Amino acid sequence: MGSKIYGKNQIKYTIKTIRKENIDSKISINDKFFTKIKLKQGEWAYWAGMVDGDGAIKENCDFILRLTDKNIIINLAKIYGCKVRRMRYQSEARQDMYMIYFGRNKRKHFMFHIYPYLIEKKEKVRNYIKKVFPKFIDTEPNKFGLGYDELVCKMGYTAGFFDAEGSAGIYKNKKDSTLKAQVNMTNSNTLPLKKIQSFFHEAPFNFPLKQIPIRIARKPKMLKSGNMGKISYSLNLAGNKRFAFMAIMLPFLKCERKKLVAKKIKLLAKVIKYTNPKRSNMPNLPVWKNKLELLEGMRSLDEA
């Protein structure tokens, strides 16, 4: 059944272990186990993007990563042999959450390897590393570069951040019932959004800034607690850059929901291309019209 966590008047949620720890949490930092973790640069960059998006680093250097996407948490847990717990809320409106539990030295190893790729939480992790490794010298002050395969790292970071904070979907236009794609990333800090914007504004992509604008998504408002909520910013993909972005991201994404949406948006781009009435040459038109009908039957493929 799991442990029950109580709110003011009722059970708030239950916690249940769904994956047991198979590598001792008290393992030494010098243990050979860590030498077997050989992720590529783009994969470390992915986890950095994920941590910048949904990770929490406390003042006591504790680290929390909690997601609704079970497969991402299990993926990381298998790398480090960590325990995973499921949080099931009493309210049916709330999705199950999955949390990974790092041991102290596993956390050290993870933080040290994602550090070069972090943007928003780089300073917090730098302070943590200097605390646990007093002789640590910050020889990598710049984000990316310094011998890294920059393009792969940039795409890895963007995929991790998009899996954490991205939203994508296909919707019907209320005016003419045509299908529209929507792609954006939202965060209360503009630093990672501006960095990702620069990735796609520069070569080799050269997206115009007007097609990747950053806007205010939500203005701060008073919460029930009496505190003022945070302002929220959104990096929006416009025009055909929505299709290009999702096609570029597809090989790097780990979130199953968003990989599905990326495939659907990629299909939508082809449907739009081959069912355009202004196009004189329309190969296999019946096939594409059939695919269009399948898409039209779905009000929303996904809203992440």
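Conventions and cut-offs
- Residues numbered from 1 in each chain as written.
- Predicted model: local features only at pLDDT ≥ 70, side-chain atom pairs only at ≥ 80, totals over all residues.
- Heavy atoms only, no water.
- Helix = DSSP H or I, 4+ residues; strand = E, 2+ residues; numbered from the N terminus.
- Buried < 20%, exposed > 50% of the residue type's maximum accessible area, 1.4 Å probe, protein only.
- Contact = heavy atoms within 4.5 Å.
- Areas by Shrake-Rupley, 256 points an atom, 1.4 Å probe, with all protein chains shown as cover.
- Expected span 1.5 Å × (residues − 1).
- Polar contact = N/O pair within 3.5 Å; in protein donor to acceptor, adjacent residues only side chain to side chain.
- Phe/Tyr/Trp six-rings, centres within 6.5 Å; stacked < 30°, edge-to-face > 60°.
- Lys NZ or Arg CZ within 6 Å of the ring centre and 35° of its normal.
- Salt bridge = Lys/Arg side-chain N within 4 Å of Asp/Glu carboxyl O.
- pLDDT = per-residue confidence, 0-100.
- Pairing = 2+ DSSP bridges.
- Axes fitted to C-alpha atoms, helices over the stretch in contact; angles between N-to-C directions.

1. Comments concerning the overall build of the protein chain
And then number 1: In terms of regular secondary structure, the protein chain is built from nine helices and 10 strands.
And then number 2: Here the protein chain holds 304 residues, and the buried ones make up 43% of them.
And then number 3: Across the protein chain, the fraction of contacts at a sequence separation of at least 24, relative to all contacts at a separation of at least 6, is 62%.
And then number 4: Total accessible area computed for the protein chain in this model is approximately 17,400 Å², and 49% of it derives from carbon and sulfur atoms.

2. Quick notes on helix α6 (residues 190-201)
And then number 1: Taking 1.5 Å per residue as the helical rise, α6 with its 12 residues ought to reach 16 Å, and the 16 Å between its terminal C-alpha atoms agrees with that figure.
And then number 2: Within the sequence span of α6, burial applies to Pro-192, Leu-193, Ile-196, Gln-197, Ser-198, Phe-199 and Phe-200.
And then number 3: Taken together, the buried residues of α6 touch α5 (150-165), β8 (179-187), β9 (214-218), β10 (232-237) and α7 (241-249).
And then number 4: Here α6 starts with a cap whose side-chain oxygen sits 2.8 Å from the backbone nitrogen of Leu-191, and that cap is Asn-189.

3. Observations regarding the side chain of Asp-69
And then number 1: You can see Asp-69 is positioned in the loop between β4 (63-67) and α2 (70-80).
And then number 2: Side chain to side chain, Asp-69 and Arg-257 meet in a polar contact 2.7 Å long.
And then number 3: With near-sequence residues (within four places) excluded, Asp-69 lies in contact with Tyr-98, Cys-255 and Arg-257.

4. Structural notes on the packing of aromatic side chains
And then number 1: Applying the stated criterion across every chain, the model contains 14 aromatic pairs.
And then number 2: With a centroid separation of 5.7 Å and an interplanar angle of 45°, the aromatic rings of Phe-63 and Phe-110 are classed as tilted. With Phe-63 in strand β4 and Phe-110 in helix α3 (residues 104-114), this residue pair connects regions lying 47 residues apart in the sequence. Neither residue differs from the other here; Phe-63 and Phe-110 are each classed as buried.
And then number 3: Aromatic rings pair up to connect Trp-44, Phe-63, Tyr-80, Phe-102 and Phe-110 into one cluster.
And then number 4: The ring of Tyr-115 has Lys-122 sitting right over it, with the charged end atom 4.1 Å from the ring centre.
And then number 5: Of note, Lys-258 hangs over the ring of Phe-162, and the distance from its end group to the ring centre comes to 5.6 Å.

5. Notes on unusual backbone geometry
And then number 1: Cis geometry is adopted by the peptide bond preceding Pro-204, which originates at Ala-203 and carries an omega value of 10°.
And then number 2: You can see Pro-204 is positioned in the loop between α6 and β9.

6. A look at the pattern of salt bridges
When the charged atoms of two side chains with opposite charge come close together, those side chains can pair.
And then number 1: A complete count under the given rule lists five salt bridges for this structure.
And then number 2: Note that Asp-69 and Arg-257 form a salt bridge whose closest N and O atoms lie 2.7 Å from each other. Remark: Arg-257 occurs in helix α8 (residues 256-274) and Asp-69 occurs in the loop between β4 and α2; sequence separation between them is 188 residues.
And then number 3: As a salt-bridge pair, Glu-202 and Lys-154 come within 3.9 Å of each other at their nearest N and O atoms. Taken together, the residues Glu-202 in the loop between α6 and β9 and Lys-154 in helix α5 connect sequence positions 48 residues apart.
And then number 4: Classification of Lys-154 as buried rests on a relative accessible area of 14%.

7. Looking at the confidence of the model for the protein chain
And then number 1: The predicted model of the protein chain has a mean per-residue pLDDT of 83, with 81% of residues at 70 or higher.
And then number 2: Mean pLDDT across the secondary structure elements of the protein chain bottoms out at helix α9 (residues 285-296), with 59, and peaks at β10, with 96.
And then number 3: Overall, residues 141-147 carries pLDDT values under 50, and its contacts beyond four positions in sequence, including any with other chains, amount to 19 contacts.
And then number 4: When the criterion is pLDDT under 50, residues 299-304 qualifies, and its contacts beyond four places in sequence or with other chains add up to 21 contacts.

8. Remarks on the sheet that holds β10
And then number 1: Taking strand neighbours across the sheet as the criterion, the four strands line up as β7-β8-β10-β9 in an open arrangement whose pairing is antiparallel. The sheet is open, and its two edges are formed by β7 (166-172) and β9, each paired on a single side. If you compare each strand with its neighbour and ignore which way they point, the axes differ by 35° on average.
And then number 2: Across five bridges, the pairing between β8 and β10 is antiparallel. Following the sheet pairing, Thr-186 is matched in β10 by Ser-234.
And then number 3: In the packing of α6 onto the sheet, the strands contacted are β8, β9 and β10, and the crossing angle to β10 comes to about 15°.

9. Focus on the pairing of β8
And then number 1: Of the pairings in the sheet, the one linking β7 to β8 comprises seven bridges and is antiparallel in character. When the bridges of β8 are listed, Ser-167 appears paired with Asn-184.

10. Overview of the environment of Ser-232
And then number 1: Tracing the backbone through its elements, the reader meets Ser-232 in strand β10.
And then number 2: Counting along the chain gives 46 residues from Ser-232 to Thr-186, while the straight-line C-alpha distance between them is 6.7 Å.
And then number 3: Look past the residues within four positions of Ser-232 in its chain and what remains in contact with it is Thr-186, Asn-187, Ser-188, Arg-215, Ile-216, Ala-217 and Arg-218.

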